[in-house]
Amino acid sequence: MCFGQIKMDYTARFTDAQNHYVEVQLNCENLSSETTDFMLPVWSPGYYQILDFPKNIVDFSIKNTKGDTVKWSKKSKNHWVVENKADKHIIITYRYFANQKSVAESNVNETRAFIMPNNMFMHIKGHIDNPVKLSLYPNKSWKTINTGLKKIEKEPHVFYAENFDVLYDSPIYMGNPYSLNFQHEGKYYDLSIANPEGLNDATFINDLKRIISASTSMMQHVPYDTYSFIFMEAGGGGLEHWNSQAVFTSGSFNFTSNSDYVDFLNFITHEYFHLYNVKAIRPFELGPFDYSRENYTNMLWVSEGLTVYYEYIIMMKAGLLKSDAALKYLSDAIGKYENTEGKNHMTLARSSFDIWLNFFNKNSNAREATISYYNKGPIVGFLLDLKIRNSTKNNKSLDDVMRFLYNQYYLKENRGFKEEEFWLACETISGDSMEDIKEYVYSVKEIDYQKYLDYAALQVDMPIMDADTNNSTSKKRAYRITEKGVANKLQSKIRTGIFSTE
């Protein structure tokens with residue numbers, strides 16, 4: 001074991017970027033034991049799949065300050081045991097092969113580098129809280145580095161993290177992207193855009209400001225000083241971080257329609273709101289992270305499903321999404337869930353727990369056996385919001401639950417919420433039992449949509465769509481939520497409370 005603060009200085013060089021390699025060196029000082037255990041994560045928070053980053057490490061070697069070789073061995077796939085003996089200062093070098101294209105994996109070529117630090121920078125076992133310095137030596141043709149990491153003044157391309165959790169949660173984008181920056185409500189923002197073709201700078205920045213303001217005004221606190229938006233080339237997916245988000249785009253900002261642009265803004269809003277819901281308001285099991293194995297929880301439907309619901313709420317509050325469009329998104333979620341046979345076999349809680357099995361489940365029976373919390377989660381969030389508003393005569397809402405969880409467990413106790421604490425918060429704020437909502441989380445009970453939609457004078461139409469076969473089980477329904485007659489005073493307040501724009 002090692003005790004006390006250890007000096008850990010990383011350098012990453014990109015002289016062989018054309019072959020997708022990063023040359024990594026770690027200067028590790030102030031070691032206090034004869035053996036030191038180094039660990040590398042095998043997954044990325046927010047991306048619930050074991051990716052086994054150690055497989056990309058090549059030519060691992062260790063020397064002391066005299067240039068002598070230091071012996072080492074592996075205890076497991078991501079665990080290196082170093083026999084440093086009397087050496088208090090060792091230098092570890094290796095090459096990392098970065099050629100996977102996903103928001104959770106590093107990708108390097110001659111034109112740019114996307115680095116997920118948890119992929120390639122080891123920490124010492126038991127010292128995840130140790131500070132770390134990172135010096136970057138980009139390809140000579142690259143002019144820009146975008147990251148949420150703190151830059152060390154007067155040292156070009158040198159960054160600092162107060163611990164490895166921060167380092168691991170701070171992606172780095174290097175190359176020659178189009179760069180923008182702005183200040184908003186006392187905070188600083190920078191953007192890196194791989195392909196700005198079709199971008200209207202002023203419009204886009206104004207839309208980002210509206211999204212930020214709608215989110216932060218609802219949560220009534222901003223947990224960062226600077227925030228980075230990384231918009232990469234064409235690809236799929238995005239990933240949230242404490243001080244940034246990294247997302248793939250369609251390849252440019254030439255959207256074929258306004259609805260496509262709105263979809264993209266929804267996507268950005270989703271990743272931004274994750275700053276609150278999953279990074280701060282997180283299930284108890286998700287932090288401190290065990291980076292060496294799966295971290296199981298029943299509550300990812302809250303982290304992901306409610307974030308889908310809130311992307312629509314925030315976009316409406318920002319004046320960027322009309323209420324009828326929000327209802328269509330929610331209707332589509334109902335349709336995706338109800339038209340999946342998996343709804344009869346998998347609960348919402350189980351979809352959360354088993355995401356490590358089903359994140360990219362391509363089995364032929366996946367639709368028949370599983371559901372996605374991205375579909376059922378926002379539905380349950382919507383019903384929960386309707387119930388809380390109705391029980392409190394619209395004096396409280398799901399917003400109050402989110403604020404309570406944020407203030408109590410993140411700001412005051414610096415921890416995640418436990419499963420029972422989430423339900424207690426809902427019941428305390430609503431003054432009502434949550435047993436009916438729980439049934440939609442922990443069982444496959446058929447959802448009584450109309451019971452909750454009545455609270456806002458809404459209704460759901462369920463016409464059967466044409467089928468290619470006479471087999472009734474193959475027939476699908478097209479769900480559509482619409483307004484229902486004349487709303488009374490409370491129903492009108494609830495409807496306006498949820499679907500107000502600006």
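Keep in mind the model is a prediction, meaning the values are calculated, not measured. Counting starts from 1 at the beginning of each chain's written sequence and moves along it residue by residue. Restriction of local features to residues with pLDDT of at least 70 applies here, the model being predicted, together with a cutoff of 80 or more for giving and counting side-chain atom pairs; totals for whole chains, interfaces and linings are based on all residues. Water and hydrogen atoms play no part in the side-chain values, which are based on all heavy atoms of the structure.

Undergrad: What's the story with the overall build of the chain in this structure? I'm lost.
TA: Helix and strand definitions follow DSSP, with helices as H or I runs of at least four residues and strands as E runs of at least two, each counted in order from the N terminus. In terms of regular secondary structure, the chain is built from 15 helices and 23 strands. For a compact globule the rule gives 2.2 Å times the number of residues to the power 0.38, and the radius of gyration it is set against comes from C-alpha atoms. In terms of overall dimensions, the chain is globule-like: its C-alpha atoms have a radius of gyration of 24 Å, near the 23 Å expected for 502 residues. Dimensions of the chain along its principal axes, counting C-alpha atoms only, are 85 × 50 × 45 Å. A separation of at least 24 residues holds for 70% of the contacts in the chain among residues at least 6 apart in sequence. What sets the accessible areas is the Shrake-Rupley method with a 1.4 Å probe; for residues, cover comes only from the shown protein chains. Summed over all atoms, the accessible surface of the chain reaches about 21500 Å², with 47% contributed by carbon and sulfur. In the chain, 55 positive and 61 negative side-chain charges are present, and the distance between their average locations comes to 1 Å. Contacts between residues were defined by any pair of non-hydrogen atoms, one from each residue, lying within 4.5 Å. The charge count treats Lys and Arg as positive and Asp and Glu as negative. His and the chain ends do not count. Taken as the charge location is NZ of Lys, CZ of Arg, CG of Asp or CD of Glu.

Undergrad: Just checking my understanding: could you explain the sheet that holds strand β12 (residues 132-137) for this structure?
TA: Adjacent strands of a sheet pair through backbone hydrogen bonds, lying either parallel or antiparallel. Taken in spatial order, the seven strands line up as β4-β7-β2-β1-β12-β15-β14 in an open sheet, and their pairing is mixed. Only two strands of the sheet have a single neighbouring strand rather than two, namely β4 (57-64) and β14 (150-151). Paired strands, in this sense, are two strands between which DSSP finds at least two bridges. Bridging between β14 and strand β15 (residues 158-161) involves two bridges; their strand directions are antiparallel. Across the sheet, residue Lys 151 finds its bridge partner in β15, namely Phe 159.

Undergrad: I tried to follow the sheet that holds strand β8 (residues 99-102) on my own but got confused; where do I start?
TA: Spatially, the five strands line up as an open sheet ordered β8-β9-β10-β16-β13, and their pairing is antiparallel. A strand with exactly one partner marks an edge of an open sheet, and here the two such strands are β8 and β13 (144-147). Recorded for the sheet is a direction-independent mean angle of 25° between the axes of neighbouring strands. Of the pairings in the sheet, the one linking β13 to strand β16 (residues 172-175) comprises four bridges and is antiparallel in character. Residue pairing in the sheet places Thr 147 in a bridge with Ile 172 of β16. In this analysis, axes come from line fits to C-alpha atoms, helices being fitted only over the stretch in contact, and the angle between any two N-to-C directions falls in the range 0 to 180 degrees.

Undergrad: Would you take a moment to explain the packing of aromatic side chains for this structure?
TA: Within a pair of aromatic rings, the relevant descriptors are the distance that separates the centres and the angle that separates the planes. The pairing test for Phe, Tyr and Trp rings, Trp by its six-membered ring, is centres within 6.5 Å, and the orientation test on the planes gives stacked under 30 degrees, edge-to-face over 60, and tilted for anything in between. Going through the model one piece at a time under the given rule, you end up with 55 aromatic pairs. Residues Tyr 21 and Phe 97 carry aromatic rings whose centres are separated by 5.2 Å and whose planes lie at 55° to one another, so their mutual orientation is tilted. In this pair, Tyr 21 is assigned in strand β2 (residues 21-29) and Phe 97 in strand β7 (residues 90-97), connecting sequence segments 76 residues apart. Of the residues examined, Tyr 21 reaches a relative accessible area of 18% and is grouped as buried. The classification of residues rests on relative accessible area computed with a 1.4 Å probe and restricted to protein chains. Under 20% of the type maximum is buried, over 50% is exposed, and intermediate values are partly exposed.

Undergrad: Teacher, can you tell me more about the nonpolar core here?
TA: The nonpolar side chains of soluble globular proteins are, as a tendency, buried together. Only buried residues count toward a nonpolar core. Its members are Ala, Val, Leu, Ile, Met, Phe, Trp, Tyr and Cys residues joined through side-chain atoms within 4.5 Å. With 161 residues, the main nonpolar core has Phe 14, Phe 38, Phe 204, Trp 301 and Phe 422 as its most contacted residues. With 12 residues, the single largest contributor to this core is helix α5 (residues 300-317).

Undergrad: Would you take a moment to explain the side chain of Lys 279 for this structure?
TA: Structurally, Lys 279 is set in the loop between α4 (258-273) and α5. By relative accessible area, which is 8% here, Lys 279 ends up buried. Within polar-contact distance, the side chain of Lys 279 engages the side chain of Asp 169 at 3.1 Å. Contacts described as polar in this section are N or O atom pairs within 3.5 Å, which, within protein, must combine one atom able to donate a hydrogen with one able to accept it, while residues neighboring in sequence count only if both atoms come from side chains.

Undergrad: Would you mind going over helix α6 (residues 323-338) with me for this structure?
TA: Two residues of an α-helix separated by three or four positions point the same way, owing to the 3.6 residues in each turn. Counted at 1.5 Å a residue, the expected span for α6 with its 16 residues is 22 Å, and the 22 Å between its end C-alpha atoms agrees. Within α6 the residues assigned to the buried category are Ala 326, Leu 327, Tyr 329, Leu 330, Ser 331, Ala 333, Ile 334, Gly 335, Tyr 337 and Glu 338. To estimate the expected span of a helix, subtract one from its residue number and multiply by 1.5 Å.

Undergrad: What exactly am I supposed to notice about the pairing of β12 here?
TA: Side chains on a regular strand alternate between the two faces of the sheet. Here strand β1 (residues 7-13) runs beside β12; their pairing, made up of five bridges, is parallel. Note that in β12 the partner of Tyr 10 across the bridge is Leu 134. With four bridges joining them, β12 and β15 adopt antiparallel strand pairing. When the bridges of β15 are listed, Val 132 appears paired with Ala 161.

Undergrad: What is the right way to look at the environment of Lys 209 in this model?
TA: Here Lys 209 lies in helix α3 (residues 201-219). Under the relative-accessibility criterion, Lys 209 is labelled partly exposed at 26%. Put simply, Lys 209 and Ala 318 are 109 residues apart on the chain and 8.9 Å apart in space, counted from C-alpha to C-alpha. Setting aside its immediate chain neighbours within four residues, Lys 209 contacts Phe 182, Gln 183 and His 184.

Undergrad: I'm lost on the pairing of β7 in this one. Help?
TA: For β2 and β7, the ladder comprises eight bridges, and the chain directions are antiparallel. Directly across from Gln 25, in β7, lies its bridge partner Thr 93. Of the pairings in the sheet, the one linking β4 to β7 comprises six bridges and is antiparallel in character. Bridging from a neighbouring strand, Lys 63 pairs with Ile 91 of β7.

Undergrad: Even after reading the chapter, I still don't get helix α13 (residues 435-442), so can you show me in this structure?
TA: Taken residue by residue, α13 has Asp 436, Ile 437, Tyr 440 and Val 441 as its buried positions. Each buried residue of α13 sits inside an arc of 150° when the element is viewed along its axis, so together they form one side. Residues of α13 that are buried make contact with α5, α7 (348-353), α10 (373-391), α12 (419-430) and α14 (449-453). This arc corresponds to the set of directions leading from the helix axis out to the C-beta atoms.

Undergrad: Looking at this model, I keep getting lost on the packing of α10 against helix α11 (residues 398-412). Mind explaining?
TA: The axes of two packed helices give the description: the angle between them and the distance between them. Put simply, α10 and α11 touch, their axes get as near as 8 Å, and they point 100° apart. With respect to each other, α10 and α11 are oriented roughly perpendicular. Residues Gly 381, Leu 384, Asp 385, Ile 388 and Arg 389 of α10 lie in contact with α11, whose contacting residues are Leu 398, Asp 399 and Val 401. Residues of the contact of α10 with α11, tallied by class, amount to four nonpolar, one polar and three charged. An angle counts as roughly parallel when it lies under 35 degrees, as roughly antiparallel when it exceeds 145, as roughly perpendicular when it falls between 65 and 115, and as oblique in every other case. Note that Gly is not counted as nonpolar here; it falls among the polar residues with everything else outside the nonpolar set of Ala, Val, Leu, Ile, Met, Phe, Trp, Tyr, Cys and Pro and the charged set of Asp, Glu, Lys and Arg.

From the geometry alone we can't say anything about function, so treat these as descriptive.
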